[in-house]
Amino acid sequence: MWDDQGVTQGFLGAPVMMQNPVKLARIWREAICSNGKFALDKNPSRSLGYPAQDLARSYFRQWQPIKDKRSLAFDENGAKIANFDPYKDSWFDYPLVVRNKLGGSWELYNLLTTIHVPACTFSCWHCYVDDQAKNLQQMLKRDSIEYVSASDIVDAFLSQREMDKERGRKTNVLRVSGGEPFLAPDLILQILKYLEMKDLSDEVFVWTETNLSPFLKDDGSSKSLVEEWVDLRELAKYANLAVHPCLHGISPSNYHNITQCDPYYFDGLLSGLDMLVRLRFDVYPTIGSNVSPPSMIPYIFRRIRDIHKDLPQRFALIDYDLLYPPTRERILKTLKPTRLYNKLAVIRTWDRLLKECYGESYPVKPRHMVSL
Ligand code: SF4
């Protein structure tokens, strides 16, 4: 039986942590939206275990993905950076992707100003965000939520941009993260529309992520949850938007081990990825190199290739950093480091499959140059 938190109860009522992401998505969605405004984490820096920064609004945090140029993997002309080592260096190409869309130098897009949708449908053991900061009911009780409109967010972002300019920093990417951002896809759409109205679509880019659970359907329904909340075709048409789908698990059992969710939903997540590709969203998906079983890499590679023959070339293999304070604490409390896998074997297998299919090593080419 599912309880009202979307968690199954086991023998004698002991929780067996089999989350129902559809049920949770509906619970959280209802609490996120209020009178045309959306719930945001008041202090996302603290939710990652760090002190708040000096920001225009407390509901922002900032992140600079490229600290070492090697992490771009490719230069602006698409040539591989000679000393990029896929076994050692994390591939963070966001600034290069955005630069390809908006022009200029990649350095213009290397400071992401981020907001957090404070709810999630999964409970990933490797999550960087504190568990309470993804539970909207607890956040409301702790007065850790602010309800804001898309125009509030964009106006505050523009103030942030001015503040950063005075300090010689370039801020042109507004990132909608979380939690699960697609619990509020209408917030993303309203941000894009407001930027368009202010004639800023050529200057400000919106980067967002999804764990794909809002693309699941209720049993017997022909429509996914997210289609009830936003017109996906309208959202997909924005050229200043990129979506980062995170596959938290590469097989049903790996998905359950990572997220605590019912493995029944795994295929639905891949259908969600398929929907994003078919609707021509610009997607930059990932799998975790240190949390995926190497033996299942050929399986997921084939499943991804079934969606689109070139989709594997759009994937980055990311090494989850287990040293964020909330992650560290969770591992210490729940003793789950045994869920780590051999990252080198994962990358080597992925590399072999890419060579067999496309004749080149991982990463094959800049992801924005892989046409889907
Ligand atoms: S889906 Fe993302 S935000 Fe949600 S628990 Fe997993 S890692 Fe955290």
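Residues numbered from 1 in each chain as written. Predicted model: local features only at pLDDT ≥ 70, side-chain atom pairs only at ≥ 80, totals over all residues.

> Would you mind going over helix 13 (residues 343-358) with me for this structure?
What sets the pattern is the α-helix's 3.6 residues per turn: residues three or four places apart point alike. The end-to-end C-alpha separation of helix 13 is 22 Å, in line with the 22 Å expected for 16 residues at 1.5 Å each. Among the residues making up helix 13, those that are buried are Val346, Ile347 and Trp350. Taken down its axis, helix 13 places every buried residue within 90° of arc, on the same side. In helix 13, those exposed residues whose orientation departs by more than 90 degrees from the buried face are Leu344 and Glu356. The secondary structure elements touched by the buried residues of helix 13 are helix 11 (297-307) and strand 12 (316-318). Two residues or fewer past helix 13, Gly359 is found with a positive phi of approximately 80°. (Helix = DSSP H or I, 4+ residues; strand = E, 2+ residues; numbered from the N terminus. Expected span 1.5 Å × (residues − 1). Buried ≥ 20, exposed ≤ 12 C-beta atoms within 10 Å, placed from the backbone. Arc of directions from axis to C-beta. Contact = placed C-beta atoms within 7 Å.)

> Explanation requested: the pairing of strand 9 (residues 205-210) in the structure shown.
Every other side chain in a regular strand lies on the same face of the sheet, so the side chains alternate between the two faces. Of all six residues that make up strand 9, six are buried, and the element is covered over most of its length. What you see with strand 9 is no split at all: Phe205, Trp207 and Glu209 on one side and Val206, Thr208 and Thr210 on the other are buried throughout. Sheet analysis places strand 8 (residues 173-178) next to strand 9, joined by four bridges and oriented parallel. Opposite Arg175, over in strand 9, you have Trp207 as the bridge partner. (Pairing = 2+ DSSP bridges.)

> Just to check I follow, could you spell out the site of the ligand for this structure?
Surrounding the ligand, one finds Cys120, Phe122, Ser123, Cys124, Cys127, Val129, Lys134, Gly178, Gly179, Glu180, Asn211 and His248. For the shell around the ligand, a count of residues per class yields five nonpolar, five polar and two charged. (Near = placed C-beta within 6 Å. Nonpolar A, V, L, I, M, F, W, Y, C, P; charged D, E, K, R; others polar.)

> How do you make sense of the sheet that holds strand 3 (residues 33-34) when you look at a structure like this?
To summarise the sheet geometry, strands pair through backbone hydrogen bonds and adopt either a parallel or an antiparallel arrangement. Strand order in the open sheet made by the three strands is 3-4-7, with antiparallel pairing throughout. For this open sheet the edge positions go to strand 3 and strand 7 (145-148), each flanked by a neighbour on one side alone. Where strand 4 (residues 37-41) and strand 7 come together, four bridges link them in antiparallel fashion. By the bridge assignment, Leu40 is partnered in strand 7 with Glu146.

> Help me understand the nonpolar core, please; the structure alone is not making it clear to me.
Within soluble globular proteins, side chains that are nonpolar tend to cluster in buried spots. Counting residues in each nonpolar core, the largest one holds 80 residues, and the members touching the most others are Ile32, Leu183, Ile188, Ile191, Leu192 and Val206. Ranked by residue count, the leading element in this core is helix 6 (residues 185-197), at six residues. If we ignore the near neighbours within four places in the chain, the residues touching Ile191 are Ala150, Ile153, Val154, Leu174 and Val206. Listed in part, the 15 residues of the second largest apolar core include Leu247, Phe301, Tyr362 and Val364. (Core = buried A, V, L, I, M, F, W, Y, C linked by C-beta atoms within 7 Å.)

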